[in-house]
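# Structure at a glance
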Amino acid sequence: MNFLKWPTIEFSKAGLLFTIVTFLLFPALSNVMPAKAEGTLELIKKRNVLTCGVTQGLPGFSAPDDKGRWHGIDADFCRAVAVAVLGDADAIKFVPLSAKVRFTALQSGEIDLLARNTTWTMHRDTALGIQFIGANYYDGQGFIVKKDIGVTSVRELDGASICANAGTTTELNVADYFRSNGMEYDISSFEKSEEAVAAYDAGRCDAYTTDQSGLYAQRQRLVDPDAHIVLNEVISKEPLSPAVRQGDDVWADIVRWVHYAMLNAEELGVNSQNIDSMKASPNPSIRRLLGVEGSFGESLGLDNDWATRVILKVGNYGESFDRNLGAGSELKIERGLNALWTQGGLQFAPPIR
Amino acid sequence: MQQIIKWSRKNLFATRMNTLLSLVSLWLIYVTIDGVASWAFINASFLGADKASCIANPHGACWPFVTAKLNQFIYGNYPAGEQWRVNIVFALGALGLGLLMTGCISFKKQLAVLMLTAYPVLTFILLSGGLLGLSYVETNQWGGLLVTLVIAVTGIVVSLPLGILLALGRRSELPIIRMMSVVFIEFWRGVPLITVLFMASVMLPLFLPEGMNFDALLRCLIGVSLFASAYMAEVIRGGLQAIPKGQYEAGKSIGLSYWKSMRLIILPQALVISIPGIVNTFIGLFKDTTLVMIVGIFDLLGIISFHFTDPNWTSPQVPITGFVFAGLVFWVFCFAMSYYSKSVERRFSVTGENK
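Cut-offs used in this document
Residues numbered from 1 in each chain as written. Chains lettered and ligands numbered in written order. Predicted model: local features only at pLDDT ≥ 70, side-chain atom pairs only at ≥ 80, totals over all residues. Heavy atoms only, no water. Disulfide = S-S within 2.5 Å. Helix = DSSP H or I, 4+ residues; strand = E, 2+ residues; numbered from the N terminus. Domains from an automatic or database assignment. Contact = heavy atoms within 4.5 Å. Buried area = accessible area lost by both parts, 1.4 Å probe. Salt bridge = Lys/Arg side-chain N within 4 Å of Asp/Glu carboxyl O. Buried < 20%, exposed > 50% of the residue type's maximum accessible area, 1.4 Å probe, protein only. Pairing = 2+ DSSP bridges. Axes fitted to C-alpha atoms, helices over the stretch in contact; angles between N-to-C directions. Phe/Tyr/Trp six-rings, centres within 6.5 Å; stacked < 30°, edge-to-face > 60°. Lys NZ or Arg CZ within 6 Å of the ring centre and 35° of its normal. Core = buried A, V, L, I, M, F, W, Y, C linked by side-chain atoms within 4.5 Å. UniProt positions renumbered as here; feature names shortened; annotations may be inferred. Parallel < 35°, antiparallel > 145°, perpendicular 65-115°, else oblique. Left-handed = near helix turned anticlockwise from the far one by under 90°. Nonpolar A, V, L, I, M, F, W, Y, C, P; charged D, E, K, R; others polar. 1 Å grid on protein atoms, 1.4 Å probe; cavity = no way out; pocket = protein on both sides within 12 Å on 5 of 7 lines; lining within 4 Å. Points joined across faces, edges and corners; volume = space filled by probe spheres on them. pLDDT = per-residue confidence, 0-100.

This part is about the state of the cysteines. Residue and element names in this part refer to chain A. Inspection of the entire model under this criterion finds three disulfides over all chains. Each sulfur in the disulfide pair Cys163 and Cys205 lies 1.8 Å from the other. Judged by the torsion about the S-S bond (60 degrees), the Cys163/Cys205 disulfide is right-handed. Of this pair, Cys163 sits in strand E9 (residues 160–165) while Cys205 is found in the loop between helix H8 (193–201) and strand E11 (207–211), placing the two residues 42 residues apart along the sequence.

This part takes up the domain arrangement of chain A. Reports of interface size often rely on the accessible area that becomes lost once the parts have come together. All names here are of chain A. According to the domain assignment, chain A consists of domain 1 (40–138 + 240–343) and domain 2 (141–236). Just the C-alpha atoms count here: the centres of domain 1 and domain 2 sit 31 Å apart. At the interface, seven residues of domain 1 touch five residues of domain 2. Carbon and sulfur atoms make up 61% of the area that domain 1 and domain 2 hide from each other, which totals about 590 Å².

Our focus in this paragraph is the pattern of salt bridges. Tallied over the full model, the rule gives 18 salt bridges over all chains. As a salt-bridge pair, A:Arg323 and A:Asp76 come within 2.6 Å of each other at their nearest N and O atoms. Of this pair, A:Arg323 sits in helix H15 (residues 317–324) while A:Asp76 sits in helix H4 (residues 73–86), and the two are 247 residues apart along the sequence. The exposure class assigned to A:Asp76 is buried, which follows from its relative accessible area of 7%. One salt-bridge network, in which partners are shared between bridges, spans B:Arg170, B:Glu186, B:Arg189, B:Glu234 and B:Arg237.

What follows is about the sheet that holds E9(A). Residues and elements named next belong to chain A. Read across the sheet, five strands follow the order E10-E9-E11-E8-E12 without closing on themselves; strand pairing throughout is mixed. Looking at strand neighbours, the two that pair on one side only are strand E10 (185–190) and strand E12 (228–230), the edges of this open sheet. With strand direction ignored, the average angle separating the axes of adjacent strands in the sheet is 30 degrees. As defined by bridge partners, E9 adjoins E11 across two bridges and the pair is classed as parallel. By the bridge assignment, Ile162 is partnered in E11 with Ala207.

Attention now moves to the packing of aromatic side chains. Summed over the entire model, instances satisfying the criterion amount to 27 aromatic pairs over all chains. Ring centres 6.1 Å apart and planes at 45 degrees place the aromatic pair B:Phe184 and B:Trp188 in the tilted group. With B:Phe184 and B:Trp188 both in helix H8 (residues 175–190) and four residues apart, the pair spans about one turn of that helix. Linked through ring pairs, B:Phe65, B:Phe73, B:Phe308, B:Trp313, B:Phe323 and B:Phe325 together constitute an aromatic cluster. Over the aromatic face of A:Phe321 sits the side chain of A:Arg335, whose NZ or CZ is 5.0 Å from the ring centroid.

Attention shifts here to the nonpolar core. Counting 173 residues, the largest nonpolar core has A:Val81, A:Val85, A:Trp251, A:Val270, A:Leu289 and B:Trp142 as its most contacted members. Counting residues domain by domain, this core receives three or more from each of domain 1 (40–138 + 240–343) and domain 2 (141–236) of chain A. Excluding residues that lie within four positions of it along the chain, A:Val270 makes contacts with A:Ala265, A:Ile275, A:Met278, A:Ile286, A:Leu289, A:Leu290, A:Ile311 and A:Asn316.

Moving on to the UniProt feature "transmembrane region" (unreviewed entry) in chain B. Residue and element names in this part refer to chain B. UniProt records the feature "transmembrane region" (unreviewed entry) for residues 20–42, 84–105, 112–136, 142–166, 187–208, 265–283, 290–308 and 320–340 in the present numbering. Between the end C-alpha atoms of residues 112–136 the distance is 29 Å, and the span holds 68% helix and 0% strand. Taken end to end, residues 320–340 is 100% helix and 0% strand, and its two terminal C-alpha atoms sit 30 Å from one another.

Once that is clear, we can look at unusual backbone geometry. Excluding glycine, most residues fall at negative phi; most peptide bonds, likewise, are trans. All names here are of chain A. With a phi angle near 55 degrees, Asn48 is a residue other than glycine that sits in the positive phi range. Looking at where Asn48 falls in the secondary structure, it is placed in the loop between helix H3 (40–47) and strand E1 (50–54). Here the phi dihedral of Lys332 falls at roughly 55 degrees; this positive angle occurs in a residue that is not glycine. For Lys332, the position within the fold is in the segment after H15. Assessed through its relative accessible area of 47%, Lys332 is described here as partly exposed.

Our focus in this paragraph is the packing of H4(A) against helix H10 (residues 249–267) of chain A. Residues and elements named next belong to chain A. With their axes 10 Å apart at the nearest point, H4 and H10 run at an angle of 115 degrees to one another. Relative to H10, H4 is oriented roughly perpendicular. Here the hand of the crossing between H4 and H10 comes out right-handed. Residue-level contacts link Phe77, Ala80, Val81, Ala84 and Val85 of H4 to Trp251, Ile254, Val255, Val258, His259 and Met262 of H10. Looking at side-chain class alone, the contact of H4 with H10 contains ten nonpolar, one polar and no charged residues.

Time to look at empty space enclosed by the protein. Residue and element names in this part refer to chain A. Counted by the stated rule, this structure contains one cavity of 30 Å³ or more. Estimated volume of the largest cavity: approximately 50 Å³. Lining the largest cavity, in full, are Ile73, Asp76, Phe77, Asn136, His259, Met262, Tyr317 and Ser320. Contributing elements (two or more residues each) for the lining of the largest cavity: H4, H10 and H15. Considering each element in turn, the lining of the largest cavity owes the most residues, three residues, to H4. Here the residues of the lining of the largest cavity are counted per class, giving four nonpolar, three polar and one charged.

Turning our attention to the confidence of the model for chain A. Regions with low pLDDT should not have their predicted coordinates read in detail. Residues and elements named next belong to chain A. Chain-level statistics for chain A give a pLDDT mean of 86 and a share of 89% at 70 or above. Contacts of residues 1–12 to residues separated by more than four positions or lying in other chains number 34 contacts, the stretch itself having pLDDT below 50. Note that pLDDT drops below 50 for residues 21–36; the model gives that stretch eleven contacts with residues more than four away or on any other chain.

This is the structure in structure tokens:
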């Protein structure tokens, strides 16, 4: 999400510096440190629970139901990793994190996995000591307009008035886009997204802009959601990806391949309903995915049923998308960029072989 | 009837200006009540399992949201099978405070001591468990009103004695003690609470060895308590300064030790003078608990706004209803506190001026 990009870096740099200084000044302290040789996987198995950093509530990604249980595509991904590693979808501790503390929580070991709709950028990948494992949702900044003004493309918004959140990159993206296309615009900025949405709903602007997934969620807050349409085009790239701490390749591999297994399952037509019959399938790709052939799970440090468990308990990528963001949810987001590569989207997983 | 007309002639419509003001006020009252009533009752939706009925009533409150989520708002994610433990804590607290307030019992002093010593211990054992066959409930599962009350009550119980000590320390004749108290008070008063919480949640984990973590709620409790103590110290110091010098000298002249003269002469007077300021700090502290949201702990307000993001409930009236509900709950608690303080003031009033 664009408006969540806070200047985290200054803080983490200062924090790291402090840590280094502390350890130099008090060498005794460093003896307390657990042996570095113990990887994240062993640690998780020992405590028998996966700690997963999520949002403090974002519809479709990680949000609560009436019982306080987490739902969403990021929450599902946490469960999938827990199932693959520990065999139990409930052996998981969700840690709700604000945008400011999310990277520190990962660096300090408070969480094992960050699945918090975090945009994968070069700066974060290289300078923050974290590693992105692959986009589980391709987002981008989009626009919502009233159906009756008859606009179908962002290009037709020349001269439009636009509501946006103040002090975020969304404003800058709009400025860049309109200027580079030689279009006129008039922007009204609001401190909070609720205010911006309310202003748009009251007719003060022709369009409201934020990340597309956010637009679908905010549309539910409008008085008449069906009178509005989210335009298909996006004006920025926001690949949202789970992340792990840098320096533990074994753990990064596991998390990455859980994501790929869910994608491969969808591509091969394996889902939580038909998985039992699929085990008898003659298709070698399916047999390798489900651990009937080969020992791919073992080479990950797990057992060969790892992917079977994930698909049975959580489902394939398509099922998770549909349940949380797509037609089966309140948000009704189309697959778009998040369709499989075989259907014109960007979701592509390397083969299991 | 005759009397009412007479009374209103005298009080509401005495002069032309008076009449005008009365009519304007009546009109304002009518407009307010009408608006509130039509939003909260007439146009509101009361029943339903999801947002459908709230969307059907777009100009009124969405009360089903509150009823569906009420359990979450009170207990957070505290396991359903263990919520009786929270209920016992609430009930004991209410019973103890109620008995202390009504003031028609003979063992009041003993009860007050119990409420300040045994009750917190019992609360801790009941809520977190791991002892006496109670299953352990991690604090990250606590939430809602439970967390708000735990933080506020801890802050209140810790800050009063600590504040008294700091206030005495600041007026002490021993330079080291005075210096330490001044530094402590000025440090905590100089830092915004949100910074304290932020430092505790962001910086502390970086200092600690990897994998070792303080409980997040504990971090908040410590931060809030120390913060409130500094404010409390200054409020009580104001009370101490209002006591005439003669009282101190009187204590000395009859040969009382420092602690005895404080306990028997100075503090009883100083604390009564400071009651409005003390309660003011308590109420401020109670409302400040909402800041713990930044550390990822969901207090009452935090968990309410957290549930706005449930896709089954996102509709225009849900946030307004949620905030109004949170405001009502906070108002009830704060009003109860100030009402209680008024009765305490009346009871302890030395001069009888506070009636």
